[in-house]
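# Coordinates in review
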Amino acid sequence: MLSDPRRVAATRRLLAEASPGVHDRLAELAARLTGAPVAMVCLVTDVEVPVGSCGLPESVVSGPLPLEGSPCAVTVRLGVPVPVAHAAQDERLAGLPAAVEGALVAYLGVPLRAQSGHVAGVLAVFDQVPRSWPADAVLSLEQLAASVVAELELSAARSAMGASLMRLELALEASSVGTWEVDLRRGTIDWDERCAAIFGYDDTVRMGMHQLFGDHVHPEDRVRAQEEMQAAIDDLAQYTVELRVVRADGAVRWTVSRGRVLAGPDGTPQRILGTVVDVTETREQADRELDAVRRAAAIAEVAAELAGATRMTQLAEIALRGAGVLGAESIGLAVVDPRDDRLYLHLTRRIVDTVASAADVQLPADGVETPLDDELPTQWVARHGEPLLFVDAAAAEARFPRMAEINEVLGTRALAALPLRVEGRLIGSFIVVWTTDRVFTDADVELLEGLTAQIALTASRLQADAVRADAVAAMTEATARLQLLADAGRVLSGTLEVTRQVEQLADLVVPTLADWCWLVVTDEQGRLHELASAHRDPALRAELELYVGSMVRVMTDDAAAPVVARTGRPLVLPRIDPERVERAIPEPATRELLGRLGLDSGAIVPLVARGQALGALGLFNGGERGPHTPAEVETAVEVGRRAGLALHHARLYGQQRALAGALQHSMLTAPPEPDHCEIVVRYVPAAAGAEIGGDWYDAFLEPSGATVLAIGDVVGHDSRAAAAMGQLRGLLRGISFSSGAPPAQVLTQLDRAVRGLALDTMATALVARLEQDDVDLRADSTRLRWSSAGHPPPVLLRPDGQVQVLGDDLPDLLLGVDPSASRQDRVAVLPAGSTVFLHTDGLVERRDRDLDTGTAELVAVLGEYAGLPLADLCDRVLERLFLPDAEDDVALLAVRLHPQGRPRPTEAGPQVVPPGIAPAPAVHPEAGASS
């Protein structure tokens, strides 16, 4: 803000005319309004300039002050009022040296905003003691600031007006221009001194209009002057009249008067203001001067019109108006188009109409292409740059015999042909023709050369505009195509769902590349199937879908889609004739549907991946849009290539997903169905495309009748982790089933097998047994014995709805680290109706949530849905805790003990467990068999 050059310039404009006396009074008024002892008006450029003050020593306000450390600079920078009760305690001013030293205490500054909107300075008041500034004080100071700005603007305006009047007076004096004013109501005219001097008077004059015309306007010019003045009065317009005046001493002088009629409040003419200049001295050279003026005016008029020209076809008519002062009848303009290096001749309307009438030929509106030969002056000058002047038809025909037939048709006689050059570069020729003979004077040649130079500049500008417009259009089209390719890449990489991909792709290419489109793909047998379509007219989309569905069923091998799918090459159809449609679509009903879609041209490109065509993308236009350009076809081919790769990847993904699902299903088998409990399992992969990982579960019955539960998580998340998971799961199942050992011993033997078989993996695991022997157990209780190798503990949901995390101590070491590590069993007695919930850490642990927080959330969700059937409970847990973008797999294994004497419920059946039928389970460790 402080260094903004526009703000500084606006401030200096006001500073140049600032009046210290006026602003001292305004500063004093500011001090009285606020009760402050000190006030200052300052303008801020690159320094702080006091222009008014109250209560400040002369040494402070006598010259510019630096901006560093100034509270006024802060106010200018902020642009709003800055009330400060104690500068040392205000973050805006606390860092200023004066505030640190205690010299600056209370401060109120309001910005001075100039008419331009820039903050030019500050009206500020100061106090040596801390004080608050009430709102009315701030408002009063803002209102006074407006007066300060008004004084500054008024001074600047007066200065500018005085300077303008002085410059006007000097200009009038230097040019000997007199001014006059007519009072139409009184019928009088007033002359200033210069005007009166022209008429032979020594001082200003007022006289009646009848006296003016009767005594001082030459009789031969009197009627014309009165008519022109009256016409301007009637139209409230301005006028210019050249006439002879009769001076007081009887001498006759030539003058040029210009007047403008002014209306009064009622809209009727009341005054005429005008100027008069004596042109008698130049009348002696009237012929030459008038001719030169007319020629200069013609060139100026042509230059003004050429500046607004937007088409090359306008230049000939504009140039004719300039050459008209020489009596020229017609103009020809030949310009080389830089886009194709061809010469195009642009003619005036008279020549075009004459040719059309005489030879019954309609010349093109955008120029006649002319061969670059030497047979006519137009081409000769355009090629060689040599100006040619022919005073009559015979001279032209002697040099260029073909001019005879042109002269006969157009009736032309004299001719001038001049080269169009811009910065030494020859771009064409300018031809002027007359129907009479003409001798070219130096003044004629000078005028023609001036016109030629103006036309050459404009023609060059129009050429540059055309080239630039073509470049901008090409760049815009290229940008649109690149944006389309970028959008296509984004759409095709955003999901592996093929149908969704191609539907979005179809909506992208329409209408960017075509009015409507379809996309078909091949199946494993090579048959084509419709996949998507789009039409720029929403009302026709349903009919397009019907057509595409019918097309793939009835089209012949000659149709575009199978041809492109077979060859893998694009097919461009600049025009689609009915015979081709009939060969491709033999069914009339389908052709009728096609006819309603708008079909004039098309481009069909293959969907290619790894050298194989997987389908085709058809792009079609109606008659208004026209055929596809090569750039559009190239873009369509690239879209087809990307779509083919996406389709190929989607197919590979589908095959991989099916294979992974089969493998996962084979390794994560369904749980058993014991008669004393219900077991529900769930597995959710980390993300789409990763259908198999390192998390696993297992449940089986031992020969002794005990139910073994296992869950684990192999370190890693890829195919290696999945393979290791399968090995660990198989080893654990075999060791446990064959040995019938307690969980701790099973994990110890599994850990030794991992080392001995060189599986080179690490994993967490939890093994548990549900035991129902009669030793130390009530008939309605079940013993849960488990051991954990670095795995999250079991969670118990009691029949009364209370939730408890089992095992407060740390788990044993995970598998694959130290096979000799000691492991221990833990035991809990569970009442009938209890639910044990086993899970992997991916359920409760994420980047934004630690293990304890996730476990607490799991406990809360289990408690909230405790009354649901077990399968529904597991689904609700996953719904609440598992995120779609989770980075880890999740495995769940839940066991619900049946109430004593009640049948085992199915997954779909409701489960109602009466609360309070058993105390909290006792949990205690037992020594492991590894010792």
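For the structure given in this document, a descriptive report is provided here. (Residues numbered from 1 in each chain as written. Predicted model: local features only at pLDDT ≥ 70, side-chain atom pairs only at ≥ 80, totals over all residues. Heavy atoms only, no water.)

### Focus on the overall build of the protein
- Within the protein one finds 27 helices and 33 strands.
- Relative to its full complement of 931 residues, the protein shows a buried share of 47%.
- A fraction of 63% describes how many contacts in the protein between residues 6 or more apart in sequence connect residues 24 or more apart.
- By element, 53% of the accessible surface of the protein is carried by carbon and sulfur atoms, the whole surface being about 44,900 Å². (Helix = DSSP H or I, 4+ residues; strand = E, 2+ residues; numbered from the N terminus. Buried < 20%, exposed > 50% of the residue type's maximum accessible area, 1.4 Å probe, protein only. Contact = heavy atoms within 4.5 Å. Areas by Shrake-Rupley, 256 points an atom, 1.4 Å probe, with all protein chains shown as cover.)

### A few points about the pattern of salt bridges
- Counted under the stated rule, the structure contains 44 salt bridges.
- The partner of Asp 515 in a salt bridge is Arg 536, and the shortest N-O contact between them spans 2.8 Å. Within this pair, whereas Asp 515 is found in the loop between α18 (498-512) and β18 (516-522), its partner Arg 536 is found in the loop between β19 (528-535) and α19 (541-554), the two being separated by 21 residues in sequence.
- Judged by its relative accessible area of 10%, Asp 515 is buried.
- Through salt bridges with shared partners, a single network forms among Glu 702, Arg 769, Glu 771, Arg 783 and Arg 785. (Salt bridge = Lys/Arg side-chain N within 4 Å of Asp/Glu carboxyl O.)

### Some remarks on the sheet that holds strand β21 (residues 601-609)
- Here five strands make up an open sheet; going across it, the order is β19-β18-β22-β21-β20 and the pairing antiparallel. Every interior strand has two partners, whereas the edge strands, β19 and β20 (571-573), have only one. Sheet twist, expressed as the average angle between the axes of neighbouring strands with direction ignored, equals 15°.
- Here β18 runs beside β19; their pairing, made up of seven bridges, is antiparallel. Residue pairing in the sheet places Val 521 in a bridge with His 529 of β19.
- Packed onto the sheet, α19 meets β18 and β19 and runs at close to 160° relative to β19.
- Along the sheet face, helix α20 (residues 560-567) touches β18, β19, β20, β21 and β22 (612-621) and points at about 140° away from the line of β22. (Pairing = 2+ DSSP bridges. Axes fitted to C-alpha atoms, helices over the stretch in contact; angles between N-to-C directions.)

### Quick notes on the environment of Tyr 865
- Position of Tyr 865 relative to the elements: it lies in the loop between α26 (851-864) and α27 (870-881).
- For Tyr 865, a relative accessible area of 15% translates into the label buried.
- Residues Tyr 865 and Gly 801 lie 64 residues apart in sequence; the distance between their C-alpha atoms is 8.8 Å.
- Those residues in contact with Tyr 865 that sit more than four places away from it in its chain are Leu 873, Arg 876 and Arg 880.
- Looking at Tyr 865, its side chain comes within polar contact range of the side chain of Arg 880, at 3.0 Å. (Polar contact = N/O pair within 3.5 Å; in protein donor to acceptor, adjacent residues only side chain to side chain.)

### Remarks on the packing of helix α8 (residues 209-216) against helix α9 (residues 219-235)
- Taken N-terminus to C-terminus, the directions of α8 and α9 make an angle of 150°; their axes are 10 Å apart at the nearest point. Considered as vectors, α8 and α9 are oriented roughly antiparallel to each other. Crossing handedness for the pair α8 and α9: right-handed. Facing α8, whose interface residues are Met 209, Phe 213 and Gly 214, α9 presents Arg 222, Ala 225, Gln 226 and Met 229.
- A breakdown of the residues in the contact of α8 with α9 according to their chemical character gives four nonpolar, two polar and one charged. (Parallel < 35°, antiparallel > 145°, perpendicular 65-115°, else oblique. Left-handed = near helix turned anticlockwise from the far one by under 90°. Nonpolar A, V, L, I, M, F, W, Y, C, P; charged D, E, K, R; others polar.)

### As for the packing of α19 against helix α22 (residues 588-595)
- Remark: α19 packs on α22, axes separated minimally by 9 Å, with the N-to-C direction vectors making an angle of 145°. In the packing of α19 onto α22, the handedness of the crossing is left-handed. The residues of α22 that touch α19, namely those facing Glu 543, Leu 546, Tyr 547, Ser 550, Met 551 and Val 554, are Thr 590, Leu 593 and Leu 594.
- Classifying every residue of the contact of α19 with α22 by side-chain character gives six nonpolar, two polar and one charged.

### A short note on α8
- All buried positions along α8 are accounted for by Met 209, Leu 212, Phe 213 and His 216. Along the axis of α8, the buried residues cluster in a sector spanning 115°; they form a single face.
- Elements that come into contact with the buried residues of α8 comprise β6 (177-183), β7 (188-191), β8 (205-208), α9 and β9 (238-246). (Arc of directions from axis to C-beta.)

### Let's talk about the pairing of β6
- The element β6 is extensively covered by neighbouring structure, given that five of its seven residues are classed as buried.
- Sheet analysis places β6 next to strand β11 (residues 269-278), joined by seven bridges and oriented antiparallel. Bridging across to β11, Gly 178 finds its partner in Val 276.

### Describing α20
- Burial in α20 covers these residues: Ala 560, Ala 561, Pro 562, Val 564 and Ala 565.
- On its buried side, α20 packs onto β18, β19, β20, β21 and β22.
- Positive backbone phi, approximately 70°, marks Gly 568, located one or two places after α20.

### Regarding the packing of aromatic side chains
- Tallied over the full model, the rule gives nine aromatic pairs.
- A centroid spacing of 6.0 Å and a plane angle of 45° characterise the contact between Trp 191 and Tyr 201, whose relative ring orientation is tilted. Of this pair, Trp 191 sits in strand β7 while Tyr 201 sits in the loop between α7 (193-198) and β8, and the two are ten residues apart along the sequence.
- Accessibility expressed as a relative area gives 26% for Tyr 201, which makes it partly exposed.
- With centroids separated by 4.6 Å and ring planes inclined at 25°, the aromatic side chains of Trp 516 and Phe 620 adopt a geometry described as stacked. Residue Trp 516 is located in strand β18, and its partner Phe 620 is located in strand β22; the two are separated by 104 residues in the primary sequence. Each member of the pair, Trp 516 together with Phe 620, is buried.
- The structure contains a cluster of three or more aromatic residues connected by ring pairs, namely Trp 516, Trp 518, Tyr 547 and Phe 620. (Phe/Tyr/Trp six-rings, centres within 6.5 Å; stacked < 30°, edge-to-face > 60°.)

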